[in-house]
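One letter stands for each residue in the lines below.
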Amino acid sequence: MSIARSASSLQLARETRERFVRATEGVIVPLAQAIRDRLTQQASEIGSARAMQESRDDFVAFQGQASQWVSLAQAGWRRSAGTPGAAPAASSSGAKLRLELIGDDAMESSILSSRLAQLIHDKASFELSDLRLRIQFLEGTAELDAHDMLRPETLARLLVDQWLAAGLSRALWARVQDTVQQQLVGVVVKAYEDANAFLVSQGVMPEIDLKSFVRRTGSSSSGGGSATGPAGVAASHDPPAWLRPGGVMRVSLPGLGTLNTPVIEEDYQTCPPCQSLP
């Protein structure tokens, strides 16, 4: 469900995406050069006749298609800034064709891009979570669109798709993916950090409190409100599972992380039923 937001909030979200795209687009040309250097080095190494031939073939293939890949990737990057949630339109026949083509090749492409996306997730988990919450706040949405360029999955899939569109092989991508990761991940993490810093400078959620995103349910006079006292889920346990000093309440939110809330003496004293416990 989405909530109506002002034009200024939506514009700020768009500007943040544009900044992110500009910051990350600049890595494509150096990335291509790093791949070229890697393949040049491999082509000059001594090995078996088969290995040496494969290295030379890889070098020749990339040399011939690198410029096209760079152009396609840059164009895709720029388009993504203006239409963060847009997926390519497809006719019913096109949708049927895609379903028929889901096989080993499509699965391999998904695996290749997911490896890169997962590494970005691992390295930028906190920055990405904060940015996701700020963008959702600005746009009044519950989640980023599945095709949003701010998602590592979208970014990684764009690179792989344009690689294939340029006529380069999945096998070659697999052989140079460690170089891609080394060149790309740090730039993307820094772009997330800068995007958050920009939004904070604009007064967008300077402090993020995950407590505000936790929905607690329990008995209430309205039948569906928040549980604010001890008559919530703790009372349903046998015996009642009241919080005690020194304990920790953990709440995990998929895609965000885990909120650990320690129970201190002050909270304990405000709960009369808890004080009667041995």
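Residues numbered from 1 in each chain as written. Predicted model: local features only at pLDDT ≥ 70, side-chain atom pairs only at ≥ 80, totals over all residues. Heavy atoms only, no water.

## Focus on the nonpolar core
Thinking step 1. In this structure, Phe62 and Trp69 are the most contacted members of the largest nonpolar core, which totals 53 residues.
Thinking step 2. The dominant element in this core, judged by the number of residues it contributes, is helix H8 (residues 170-201), at 13 residues.
Thinking step 3. Leaving out residues up to four positions away in the same chain, tryptophan 69 has contacts with Leu31, Ala32, Ile35, Phe62, Leu159, Gln162, Trp163, Ala166, Leu168 and Trp173. (Core = buried A, V, L, I, M, F, W, Y, C linked by side-chain atoms within 4.5 Å. Buried < 20%, exposed > 50% of the residue type's maximum accessible area, 1.4 Å probe, protein only. Helix = DSSP H or I, 4+ residues; strand = E, 2+ residues; numbered from the N terminus. Contact = heavy atoms within 4.5 Å.)

## Quick look at the packing of helix H7 (residues 152-165) against H8
Thinking step 1. In the contact formed by H7 and H8, the axes pass within 11 Å of each other and the chain directions differ by 145°. In terms of crossing hand, the pair formed by H7 and H8 is right-handed. Packed against H7, whose contacting residues are Pro152, Leu155, Leu159, Val160, Trp163 and Leu164, the element H8 presents Arg170, Leu172, Trp173, Val176, Leu184, Val188 and Tyr192 at the interface. (Axes fitted to C-alpha atoms, helices over the stretch in contact; angles between N-to-C directions. Left-handed = near helix turned anticlockwise from the far one by under 90°.)

## Focus: the environment of proline 206
Thinking step 1. Counting through the fold element by element, proline 206 comes out in the loop between H8 and strand S1 (248-253).
Thinking step 2. Along the sequence, proline 206 and asparagine 196 sit 10 residues apart, while their C-alpha atoms lie 9.2 Å from each other.
Thinking step 3. In this structure, proline 206 is in contact with Arg134 and Val200, ignoring residues within four places of it in sequence.

## Here we look at unusual backbone geometry
Thinking step 1. A positive phi is found at methionine 205, a non-glycine position, where the angle reads about 45°.
Thinking step 2. Looking at where methionine 205 falls in the secondary structure, it is placed in the loop between H8 and S1.
Thinking step 3. With a relative accessible area of 14%, methionine 205 lands in the buried category.

## Thoughts on the pattern of salt bridges
Close approach of charged atoms allows side chains with opposite charge to pair.
Thinking step 1. Applying the stated criterion to the full structure yields 11 salt bridges.
Thinking step 2. Here aspartate 178 makes a salt bridge to arginine 38, at a shortest N to O gap of 2.7 Å. Taken together, the residues aspartate 178 in helix H8 and arginine 38 in helix H2 (residues 28-44) connect sequence positions 140 residues apart.
Thinking step 3. Under the relative-accessibility criterion, aspartate 178 is labelled partly exposed at 31%.
Thinking step 4. A salt bridge links arginine 132 to glutamate 143; its shortest N-O distance comes to 3.2 Å. Here arginine 132 is found in helix H6 (residues 125-139), whereas its partner glutamate 143 is found in the loop between H6 and H7, with 11 residues between them in sequence.
Thinking step 5. Connected through shared salt-bridge partners, Arg17, Glu139 and Asp148 make up one network. (Salt bridge = Lys/Arg side-chain N within 4 Å of Asp/Glu carboxyl O.)

## Quick word on H7
Thinking step 1. With 14 residues, H7 should cover 20 Å at 1.5 Å per step; its first-to-last C-alpha distance of 20 Å lies within 8% of that length.
Thinking step 2. Backbone geometry just downstream of H7 places glycine 167 in the positive-phi region, at approximately 95°. (Expected span 1.5 Å × (residues − 1).)

## As for the side chain of threonine 24
Thinking step 1. The topology assignment puts threonine 24 in helix H1 (residues 7-25).
Thinking step 2. Relative accessible area serves as the criterion here: at 0%, threonine 24 is assigned to the buried category.
Thinking step 3. Of the polar contacts made by the side chain of threonine 24, one reaches the backbone oxygen of phenylalanine 20; its length is 2.8 Å. (Polar contact = N/O pair within 3.5 Å; in protein donor to acceptor, adjacent residues only side chain to side chain.)

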